[in-house]
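# Structure assessment
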Amino acid sequence: MHLFSRKKEGAAAPKAEKKDPLEIFDFSGDNAIVIEDVDLYYGDFQALKKINMVVPKLQITAMIGPSGCGKSTLIKTLNRMNDLVEGCRVEGRIEIGGVDIYDRRLDLSALRKNVGMVFQKPNPFPMSVYDNIAYGPRTFGVRSRGALDEIVERSLRQAAMWDELKDRLNKSAMGLSGGQQQRLCIARALAVGPQILLMDEPTSALDPISTGKIEELCGELKKDVTIVMVTHNMQQAARISDKTGFFLLGELIEFGNTDDVFSAPKHPETERYITGRFG
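Below is a short write-up of the structure.

Criteria and cut-off values
- Residues numbered from 1 in each chain as written.
- Predicted model: local features only at pLDDT ≥ 70, side-chain atom pairs only at ≥ 80, totals over all residues.
- Heavy atoms only, no water.
- Helix = DSSP H or I, 4+ residues; strand = E, 2+ residues; numbered from the N terminus.
- Rg over C-alpha atoms; globule rule 2.2 N^0.38 Å.
- Buried < 20%, exposed > 50% of the residue type's maximum accessible area, 1.4 Å probe, protein only.
- Contact = heavy atoms within 4.5 Å.
- Areas by Shrake-Rupley, 256 points an atom, 1.4 Å probe, with all protein chains shown as cover.
- Lys, Arg positive; Asp, Glu negative; His and termini not counted.
- Charge placed at Lys NZ, Arg CZ, Asp CG, Glu CD.
- Axes fitted to C-alpha atoms, helices over the stretch in contact; angles between N-to-C directions.
- Left-handed = near helix turned anticlockwise from the far one by under 90°.
- Nonpolar A, V, L, I, M, F, W, Y, C, P; charged D, E, K, R; others polar.
- Parallel < 35°, antiparallel > 145°, perpendicular 65-115°, else oblique.
- Salt bridge = Lys/Arg side-chain N within 4 Å of Asp/Glu carboxyl O.
- Polar contact = N/O pair within 3.5 Å; in protein donor to acceptor, adjacent residues only side chain to side chain.
- Pairing = 2+ DSSP bridges.

### A word on the overall build of the protein
The helix and strand tally for the protein stands at ten helices and ten strands. Taken against the 2.2 N^0.38 rule, which gives 19 Å for 279 residues, the C-alpha radius of gyration of the protein at 20 Å falls within 12% of a compact globule. If you line up the protein on its principal axes, its C-alpha atoms span 65 × 50 × 35 Å. Burial status across the protein gives 47% buried among its 279 residues. The long-range fraction of contacts in the protein, counting pairs at least 24 apart against all pairs at least 6 apart in sequence, stands at 68%. Total accessible area on the protein stands at roughly 14200 Å², and carbon and sulfur atoms take up 48% of it. For the protein, the centre of its 37 positive side-chain charges and the centre of its 38 negative side-chain charges are spaced 4 Å apart.

### Remarks on the packing of helix α3 (residues 129-139) against helix α4 (residues 145-158)
Contact pair α3 / α4: the axes reach a minimum separation of 9 Å and the direction vectors enclose 115°. For α3 against α4, the interelement crossing comes out right-handed. Residue-level inspection shows Tyr 130, Ile 133, Ala 134, Pro 137 and Arg 138 of α3 in contact with α4, the latter providing Arg 145, Leu 148, Asp 149, Ile 151, Val 152, Ser 155 and Leu 156. Here the residues of the contact of α3 with α4 are counted per class, giving eight nonpolar, one polar and three charged.

### Points about the packing of helix α6 (residues 178-190) against helix α7 (residues 208-221)
Two elements in contact, α6 and α7, have axes whose closest approach is 9 Å; the angle formed by their N-to-C orientations is 20°. By the angle class used here, α6 and α7 are roughly parallel. Pair α6 / α7 crosses with right-handed handedness. Residue-level inspection shows Gly 179, Gln 182, Arg 183, Ile 186 and Leu 190 of α6 in contact with α7, the latter providing Ser 210, Lys 213, Ile 214, Leu 217 and Leu 221. Of the residues contributing to the contact of α6 with α7, the split by class is five nonpolar, three polar and two charged.

### Some details on the pattern of salt bridges
Evaluated as defined, the whole model comprises 14 salt bridges. Arg 93 serves as the salt-bridge partner of Asp 100, at 3.2 Å between the closest nitrogen and oxygen. Residue classification places Arg 93 among the buried positions, given a relative accessible area of 14%. For Glu 153, the salt bridge is made with Arg 157, and the minimal N-O distance between the two is 3.0 Å.

### Considering the side chain of Asp 39
Checked against the element boundaries, Asp 39 lands in strand β1 (residues 31-42). In terms of polar contacts, Asp 39 uses its side chain to reach the side chain of Gln 46, at 3.0 Å. When residues no more than four places from it in sequence are discounted, the contact partners of Asp 39 are Gln 46, Leu 48, Lys 49, Lys 50, Arg 89, Val 90 and Glu 91.

### Digging into the pairing of strand β2 (residues 45-56)
Sheet topology note: the β1/β2 ladder contains eight bridges and is antiparallel. Counterpart to Ile 33 in the pairing with β2 is Val 55. Here β1 hands over to β2 after two residues, with Gly 43 in that stretch at a positive phi of 65°.

### Quick look at the sheet that holds strand β8 (residues 226-230)
Across a sheet, paired strands are connected by hydrogen bonds in the backbone, their directions being either parallel or antiparallel. In spatial order, the strands read β6-β7-β8-β3-β9-β10; together these six strands make up an open sheet with mixed pairing. Among the strands making up the open sheet, the edge pair consists of β6 (115-118) and β10 (251-257). The sheet shows a mean angle of 15° between the axes of neighbouring strands, taken without regard to direction. In this structure, strand β3 (residues 60-64) lies alongside β8, joined through four bridges in parallel fashion. In the strand pairing of β8, Ala 62 is matched with Met 229.

This is the structure we're talking about:
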């Protein structure tokens, strides 16, 4: 069932008030994302096979599995980044905030405002710290310097970086360390007020100290934002996630509470992977 209403037959429907596309998402329920029977193809190759998963709100959900198993492919379907890949085809249904995100009428900018993304390698823009964070809000029409100042400070505080960077706001973001750049990218994603934050191996290029800071940050952020994280680091998934999904060859083999998946896996493939016998 699509969120978009249909006119009842036999009666003229009252003229609907045009709704702000950002307001069609409803995150009042318990679940942020519902994935139903999702298949994904790159040309003739099937990369995802009948994925079913419910991602709870305000929790950290980790996706683990060997390289090429479909984790990153799935996370990119959640803000439709796979639209950019020629020959990519998605079947099934993905609902975010009650909205079918593959409905052709969906405003993609509204989706990507609600669903932020942080990539494997830090990718700050070659501009100042301030302008990196203000970039998204400006895109959505925020022009007031006072409003932008508030957003920049709030976002840096959310990313636990305000004290580090409050005196360097006009300096180039390219001069920050790798760990600082990644946390800046998190602050930049938070600046537009997303409900969901996607993280594709956000600490794989970082040293252990920076990794620890980002893990601690994720624990704080989940008070306000739902986090979906792809990680090759099983210890990381075990440390910080509430739910874990194990993927293999494009299939979701097991999904459940992280403690259960790691202490009492239901499938032999899961047990072999988490005990290091393959992958």
